[in-house]
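Examining the three-dimensional arrangement
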Amino acid sequence: MKKLYGIQYLRAFAALAVVVFHAAERTGGHFAIGAAGVDVFFVVSGFIMWTLAQSRPVTPLQFLRERLERIAPVYWIATAVMVAGAFAGLFPNMKLTLGHVLGSLFFIPHISPSNGEIWPVLVQGWTLNYEMFFYAVFACTLLLPTARRLPALAGLFILLTVIGLSFDSDNPLFRTYTNPAILEFLLGAVIGKFWLEGKIPSPASGLALILLAVFGFVFVGVTYVGFHPFVFGPLAVALVTGVLSLERAGMISDFRPLTWIGDASYSIYLWHTLAVSVVAKFAPALSLPAPLALVIAVLAGTAIGLVAYELLEKPIAAAFKTLRRRGASRALPPERGIEAVTKT
């Protein structure tokens, strides 16, 4: 697929919003609306998965393998760093149990023994529990004819949301898989369907949608009214749809620094809290003013993510790509296999 720069920029801004949210939280500031970056991520994820699956034939197992290769290795490394840090006494408030660590590694929602929240060892990894659930369900829909995939996904996610709103439970699996946030993946898939069918608003309408989304996020951030997926989801849909309308019209071009941040958004999301925590720990000892500490924390959190992207995420992705190419060449007849290798 052609790289959509608008989508990359959205991923960049969503990641930076989460970084600022956590940095402000740790340095005495307030930027709670930054948490809505996760909602943008979920809508973008639904869009990307739908368009990718429609662009080429893929089996459920292939789809899940590719998703695991993309998500799991870097996350496991980050989780291992947290576990090692806890054993070394760097995180005195962190309590570990075998069940919690295993649940974290295998994307199973689990109550944290540290605070009672449904958080994995790497706290921000809670969103990956939603992502992996979406991937699993989406992989199952690939068994259906194309025309039935979206209705099946919609039916299940709407049913789960209704169940979650109708019943109460402390079970972490129930609370995660019936959370209204899962509808954001569905909404992203709907946008993907419209995108592939060319049913995207005009640039003027798209610009209006972007302004509406920005105003909505600012309003919620200032008033704290509507701090809920039922508000953030539609606002994220308006933002993504608006950006795609400009993309379709050729109004978005490549801006390398922002594209780089978008490419590295997953690593930034995973690793930023480590750098933010270090800055927050030493800022009082250095008598840094809160605004300066916030800026340094944001820059450090972004920088560690970019480094992790270059040194971990990209090499791991390249290694998996090489393995897939070798596997594909071995599956071909001898003469075809030689040809495939010489062309890569």
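What you see is a predicted model; the values in this text were computed from it and never measured.

Right, let's get into helix α1 (residues 5-26). Compared with the 32 Å implied by 1.5 Å per residue over 22 residues, the 32 Å span of α1 between its first and last C-alpha is a close match. Of all 22 residues in α1, 16 are buried; the element is thus mostly enclosed. Positive backbone phi, at 90°, marks glycine 28, one or two positions downstream of α1.

This part takes up the confidence of the model for the protein chain. In the predicted model, the protein chain carries a mean pLDDT of 93, and 95% of its residues have values of at least 70. Counting contacts from residues 336-344, a segment whose pLDDT is below 50, to residues more than four positions away or on other chains yields 6 contacts.

Relative orientation of the contacting elements α1 and helix α11 (residues 256-263) amounts to 70°, with a least axis distance of 7 Å. The angle between α1 and α11 places the two elements in the roughly perpendicular class. For the pair α1 and α11, the crossing hand works out as left-handed. Touching Tyr5, Gln8, Tyr9, Arg11, Ala12, Phe13 and Leu16 of α1 are Leu258, Thr259, Ile261, Gly262 and Asp263, all from α11. Partitioning the contact of α1 with α11 into residue classes produces 7 nonpolar, 3 polar and 2 charged.

We now examine the packing of helix α6 (residues 146-166) against helix α8 (residues 182-196). One can describe the packing of α6 onto α8 by two numbers: an axis separation of 9 Å at closest approach and a directional angle of 160°. Relative to α8, α6 is oriented roughly antiparallel. When you trace α6 past α8, the crossing you get is left-handed. Together, Leu150, Leu153, Ala154, Phe157, Ile158, Leu160 and Thr161 of α6 and Ile182, Leu183, Phe185, Leu186, Ala189, Val190 and Lys193 of α8 make up the contact between the two elements. The class makeup of the residues in the contact of α6 with α8 is 12 nonpolar, 1 polar and 1 charged.

Quick look at the environment of glycine 28 now. Considering the arrangement of structural elements, one finds glycine 28 in the loop between α1 and α2 (37-55). For glycine 28 and alanine 290, which are 262 residues apart along the polypeptide, the C-alpha to C-alpha distance reads 6.6 Å.

Each value, and the rule that gives it
- Residues numbered from 1 in each chain as written.
- Predicted model: local features only at pLDDT ≥ 70, side-chain atom pairs only at ≥ 80, totals over all residues.
- Heavy atoms only, no water.
- Helix = DSSP H or I, 4+ residues; strand = E, 2+ residues; numbered from the N terminus.
- Expected span 1.5 Å × (residues − 1).
- Buried < 20%, exposed > 50% of the residue type's maximum accessible area, 1.4 Å probe, protein only.
- pLDDT = per-residue confidence, 0-100.
- Contact = heavy atoms within 4.5 Å.
- Axes fitted to C-alpha atoms, helices over the stretch in contact; angles between N-to-C directions.
- Parallel < 35°, antiparallel > 145°, perpendicular 65-115°, else oblique.
- Left-handed = near helix turned anticlockwise from the far one by under 90°.
- Nonpolar A, V, L, I, M, F, W, Y, C, P; charged D, E, K, R; others polar.

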